[in-house]
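A structural walkthrough
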Amino acid sequence: MERLQMNMIVKALGLAACFLLAGCSPEQPIGEMSPLEVEAEIPVQTKAGASGLDKMAFVDTDSITVTKSGGTPSAVYKYDQTNDRWLPKTGTGLSTTGGETFVASWKPVGFTGIVADQTSEDKYKKCYELAASSTATANLVKFKFAPVAAKITIIVSYALESTEGSASLKGNKLISDTDTEQTISFHPVTNSGKKHTFVGLVHPDSNAKKIYKISVSSKNKEGTTTTRSYEEKGKTLQAGYNYIYNFSTDNKTYLILNSITVVDFVKQSETSAGDAT
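First things first, this report covers the structure right here in the doc. Given the structure is predicted, the values throughout are model-derived calculations rather than measurements.

Remarks on the layout of surface pockets
Size it by volume and the largest pocket reaches roughly 280 Å³. As for the largest pocket, its lining consists of 16 residues, of which Glu 39, Ala 40, Tyr 79, Asp 84 and Trp 86 are closest to the centre. Those elements giving two or more residues to the lining of the largest pocket turn out to be β2 (37–41), β5 (85–88) and β9 (140–144). Counting residues per element, the lining of the largest pocket draws most heavily on β2, which supplies five residues. Among the residues forming the lining of the largest pocket, the class breakdown is nine nonpolar, no polar and seven charged.

Okay, here's the thing in structure tokens:
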């Protein structure tokens with residue numbers, strides 16, 4: 001009896017030492033593989049420039065592809081909105097020992113990648129891919145998603161009413177990494193009245209200073225269409241950021257830059273990136 005009691009005490013002390021010194025748990029002993037639990041969110045866009053076209057939240061049956069750092073393995077997780085859970089779409093999903101890095105991506109149905117014609121809501125949304133990276137704590141990984149592309153918002157304030165507004169961006173490597181001149185036609189959020197707003201998704205390149213031309217057109221009450229341009233001579237466009245250009249015009253031939261504001265989609269922080277001098 002005394003020997004049995006002593007064995008029980010030794011086991012209890014050993015388990016307590018494991019908890020205190022090694023931080024292990026009955027659910028996931030050190031080095032043991034456990035099913036990966038996934039949480040995912042899209043930070044709410046509360047800062048300037050949110051157009052209403054961006055994906056604001058995950059909805060029931062949305063799917064994300066989760067991949068362990070290094071490229072393999074991967075699994076698709078589907079959102080159960082009723083229970084607010086991400087579950088493997090098929091099979092058992094991924095496993096982890098904790099401390100491993102995972103990447104995740106979401107793509108809309110009919111995803112096209114960045115295209116030249118983004119003038120309709122449907123075409124813009126089919127360019128819109130989200131991605132995230134995070135390190136698992138124990139067997140839980142929490143993702144915060146942001147666009148894979150860089151977003152450019154163009155806001156133009158006119159002195160007089162105008163209609164049929166349009167906007168485009170011309171430069172190298174705007175659609176893909178191919179080093180040729182490319183043009184993107186932006187989506188008009190509003191293109192009549194005294195303030196016009198346009199949005200477009202652009203291929204990011206954090207290692208280069210892009211040179212591109214912004215052109216906007218509008219028609220005055222007499223029916224005359226005027227095109228005005230501004231040339232950007234060296235801007236670094238990063239994935240997951242919204243570059244908001246605020247212009248005004250003398251309603252003749254000039255496009256006057258008032259400010260550029262850069263918004264981080266994840267942190268929702270704003271920084272000034274230039275103004276008229």
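The rest of the description comes next.
Concerning the pattern of salt bridges
Taken as a whole, this structure holds nine salt bridges when the rule is applied. Where Arg 85 meets Glu 37, a salt bridge forms, and the shortest distance between an N and an O atom there is 3.9 Å. Linking Arg 85 in strand β5 with Glu 37 in strand β2, this pair joins segments that are 48 residues apart in sequence. Close ionic contact of Asp 122 with Lys 126 constitutes a salt bridge, the shortest N to O distance being 3.4 Å. Owing to a relative accessible area of 47%, Asp 122 belongs among the partly exposed residues under this scheme.

Considerations on empty space enclosed by the protein
This structure, assessed with the given rule, holds two cavities of 30 Å³ or more. Of the voids in this model, the second largest cavity is the one considered here, and its volume is about 30 Å³. Ile 42, Tyr 128, Phe 145, Pro 147 and Phe 265 are the residues nearest the centre of the second largest cavity, which is lined by 10 residues in total.

Cut-offs applied
Residues numbered from 1 in each chain as written. Predicted model: local features only at pLDDT ≥ 70, side-chain atom pairs only at ≥ 80, totals over all residues. Heavy atoms only, no water. 1 Å grid on protein atoms, 1.4 Å probe; cavity = no way out; pocket = protein on both sides within 12 Å on 5 of 7 lines; lining within 4 Å. Points joined across faces, edges and corners; volume = space filled by probe spheres on them. Helix = DSSP H or I, 4+ residues; strand = E, 2+ residues; numbered from the N terminus. Nonpolar A, V, L, I, M, F, W, Y, C, P; charged D, E, K, R; others polar. Salt bridge = Lys/Arg side-chain N within 4 Å of Asp/Glu carboxyl O. Buried < 20%, exposed > 50% of the residue type's maximum accessible area, 1.4 Å probe, protein only.

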